[in-house]
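Per-entry structural report
The lines below spell out each chain.
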Amino acid sequence: MGQKTKQTTELANKERRSFLGKAAVATASMTLAPGVIFMGMAEAKPPGKPADEKASDKNRWGLLIDTNKCVDDCDACVQACNFENGLTTIHGPETDAQWIRKVKIRNKATKKISYLPLLCQHCEYAPCIDVCPTGASFRRKDGIVLVDKHICIGCRYCMMACPYKARSFVHETITNQVPDVPRGKGTVEACTMCVHKIDRGDGSTACVDACKKYANGAIIFGDLKDPNSNIAKELTTYQSTQLRPDLRLNTGVRYRGI
Ligand code: SF4
Ligand code: SF4
């Protein structure tokens with residue numbers, strides 16, 4: 001069985017178990033509380049911390065991607081992101097959105113080929129936020145850039161402004177949503193840095209977990225402001241770069257090997 005097929009099978013099995021688990025919980029809730037309206041997944045809480053628990057500027061969450069460890073025949077990070085965020089279900093693709101995608105690049109001088117997972121770079125000086133007319137695009141104090149779906153009007157200025165083409169528009173009605181990651185037709189979305197996982201203290205993202213489990217551990221998650229974190233130590237020890245450093249966006253996602 002090829003690497004991709006094995007990943008697909010394992011993720012599909014995981015999704016089936018998760019789906020059955022959720023179905024059991026929903027059934028139990030309705031049986032235990034007759035008369036109480038089951039709100040369904042579309043009414044789930046918004047991503048991130050509850051309003052009374054603010055993200056702190058003591059942290060800046062980031063990712064470091066070592067392209068030397070990223071191989072051609074692998075999309076574990078993409079599949080994991082799709083599953084974690086409800087972009088794909090056991091019934092097939094829920095949407096054509098992709099919050100992380102693999103890009104092949106070639107160094108013109110050395111001819112070296114690299115494979116690059118590309119996602120929202122969680123810029124400090126984010127062009128998507130600058131152009132948003134309603135304030136729907138915003139940056140938390142801990143550096144995570146998000147879209148507030150309740151005030152996004154779907155104008156898509158942010159999609160045009162993003163130099164990394166990291167955002168996508170939801171054209172279709174969304175069903176079978178993941179409770180922690182509400183999505184909405186007519187709004188723009190992008191990588192949330194798995195904010196729901198961070199806020200519940202998982203200390204990792206779905207793409208990082210999948211890369212560690214199924215591939216070479218090419219992606220590290222951590223606090224860029226904590227000098228004792230692995231990511232900060234790696235950044236101070238080895239050469240790394242931002243994508244398009246000339247734009248001076250101070251991205252939260254950094255790369256090695258390019
Ligand atoms: Fe905004 Fe694009 Fe930067 Fe993400 S990568 S923060 S969507 S400008
Ligand atoms: Fe997807 Fe989470 Fe990775 Fe962002 S951090 S690309 S949302 S899995």
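In this text the structure is predicted, and so the values were computed from the model without any measurement.

Let us look at the pairing of strand β10 (residues 219-223). The element β10 is extensively covered by neighbouring structure, given that four of its five residues are classed as buried. Here strand β1 (residues 61-66) runs beside β10; their pairing, made up of five bridges, is antiparallel. Residue Leu63 lies in a different strand from β10, and its bridge partner there is Phe221.

Turning our attention to helix α2 (residues 76-84). The element α2 is largely enclosed, with a buried count of nine among its nine residues. Those residues of α2 that fall on the buried side of the exposure criterion are Ala76, Cys77, Val78, Gln79, Ala80, Cys81, Asn82, Phe83 and Glu84.

Further remarks concern the packing of α2 against helix α6 (residues 206-214). As a packed pair, α2 and α6 sit with axes 8 Å apart at the nearest point and diverge in direction by 135°. By the criterion of interaxial angle, the relationship of α2 to α6 is oblique. Classified by chirality, the crossing of α6 by α2 is right-handed. In this structure, α2 uses Ala76, Cys77, Ala80 and Glu84 to contact α6, whose residues at the interface are Ala206, Cys207, Ala210 and Tyr214. Residues belonging to the contact of α2 with α6 are distributed by class as follows: seven nonpolar, no polar and one charged.

On to the pattern of salt bridges, then. Side chains that differ in sign of charge can pair as their charged atoms come close. On inspection of all chains with the given rule, the structure shows nine salt bridges. A salt bridge links Arg140 to Asp142; its shortest N-O distance comes to 2.6 Å. In this structure Arg140 comes out as buried when scored by relative accessible area, which is 9%. The salt bridge involving Lys197 is made with Asp202; its shortest N-O contact spans 3.0 Å. Judged by its relative accessible area of 7%, Lys197 falls in the buried class. You can call Asp202 partly exposed: its relative accessible area is 35%. The network of salt bridges with common partners includes Asp180, Lys197, Arg200, Asp202 and Asp209.

On to the environment of Asn216. Among the secondary structure elements, Asn216 is positioned in the loop between α6 and β10. Between the C-alpha atom of Asn216 and that of Lys69, which follows or precedes it by 147 residues, the distance is 5.8 Å. Sequence-distant contacts of Asn216, that is, excluding residues within four places in its chain, are made with Lys69, Val71 and Cys211.

Moving on to the site of ligand 1. What surrounds ligand 1 is the set Cys120, Gln121, His122, Cys123, Ala126, Pro127, Cys128, Val145, Cys162, Pro163, Tyr164 and Arg167. The residue makeup of the shell around ligand 1, split by class, is nine nonpolar, two polar and one charged.

Per-residue pLDDT for the protein has a mean of 83; in total, 76% of the residues score no lower than 70. In the predicted structure, residues 11-48 sits below a pLDDT of 50 and forms 32 contacts with residues beyond four places in sequence or in another chain.

Leu119, Ile219 and Tyr255 are the most contacted members of the largest nonpolar core, which totals 47 residues. Broken down by secondary-structure element, the contributors of at least two residues to this core are β1, α2, β5 (113-119), β7 (145-147), α5 (195-199), α6, β10 and β11 (253-256). With residues up to four places along the chain from it excluded, the contact list for Ile219 reads Leu63, Leu64, Ile65, Cys77, Cys207, Val208 and Cys211. The next biggest cluster of nonpolar side chains, apart from the first, holds seven residues, and it includes Ala76, Ala80, Cys194 and Ala210.

Its place among the elements puts His196 in helix α5. The buried category is assigned to His196, whose relative accessible area is 6%. Only 2.7 Å separates the side chain of His196 from the side chain of Glu84, close enough to count as a polar contact. Excluding its chain neighbours within four sequence positions, the residues that come into contact with His196 are Glu84, Asn85, Asp180 and Val181.

As a further point, take the sheet that holds β10. Strand pairing in a sheet is mediated by backbone hydrogen bonds. Such pairs are either parallel or antiparallel. The three strands lie next to each other as β10-β1-β11, forming an open sheet whose pairing is mixed. Each end of this open sheet is capped by a strand with a single partner; those strands are β10 and β11. Shown here is a sheet whose adjacent strand axes are inclined to one another by a mean of 20°, direction ignored. Across the sheet, α6 is in contact with β1 and β10; its angle to β10 comes to roughly 140°.

Rules behind the numbers
Numbering of residues begins from 1 in every chain and follows the order in which that chain's sequence is written. Lettering for chains starts from A, numbering for ligands starts from 1, and both go in the order in which the items are written. Whole-chain, interface and lining totals are the exception, using all residues; otherwise, since this is a predicted model, local features are given only for residues with pLDDT of at least 70 and side-chain atom pairs are given and counted only at 80 or more. Side-chain measures were taken over the full set of non-hydrogen atoms in the model, leaving aside hydrogen atoms and water. Think of it in three bands: with a 1.4 Å probe and only protein chains considered, a residue is buried below 20% of the maximum accessible area for its type, exposed above 50%, and partly exposed in between. Strands here mean DSSP runs of E at least two residues long; helices mean DSSP runs of H or I at least four residues long; both are numbered from the N terminus. In this analysis, strands are considered paired if DSSP registers two or more bridges between them. Here an angle of 0 to 180 degrees is reported between the N-to-C directions of two axes, which are lines fitted to C-alpha atoms, with helices fitted over the stretch in contact. In these notes the angle categories are as follows: under 35 degrees is roughly parallel, over 145 is roughly antiparallel, 65 to 115 is roughly perpendicular, and the rest is oblique. Crossing handedness: left-handed means the near helix sits turned counterclockwise from the far one by under a right angle, and right-handed means the same turn made clockwise. Contacts: residue pairs with any heavy atoms within 4.5 Å of one another. In this classification, Asp, Glu, Lys and Arg are treated as charged, Ala, Val, Leu, Ile, Met, Phe, Trp, Tyr, Cys and Pro as nonpolar, and every other residue, Gly included, as polar. By convention in these notes, a salt bridge is any Lys or Arg side-chain nitrogen within 4 Å of a carboxyl oxygen on Asp or Glu. One heavy atom suffices: a residue is near a molecule or strand as soon as one of its heavy atoms comes within 4 Å of it. The predictor reports its confidence for every residue as pLDDT, a score running from 0 up to 100. Only buried residues count toward a nonpolar core. Its members are Ala, Val, Leu, Ile, Met, Phe, Trp, Tyr and Cys residues joined through side-chain atoms within 4.5 Å. Pairs of N or O atoms within 3.5 Å make up the polar contacts considered here, provided that, within protein, one atom can donate a hydrogen while the other can accept it, and that residues adjacent in sequence are counted only when both atoms are side-chain atoms.

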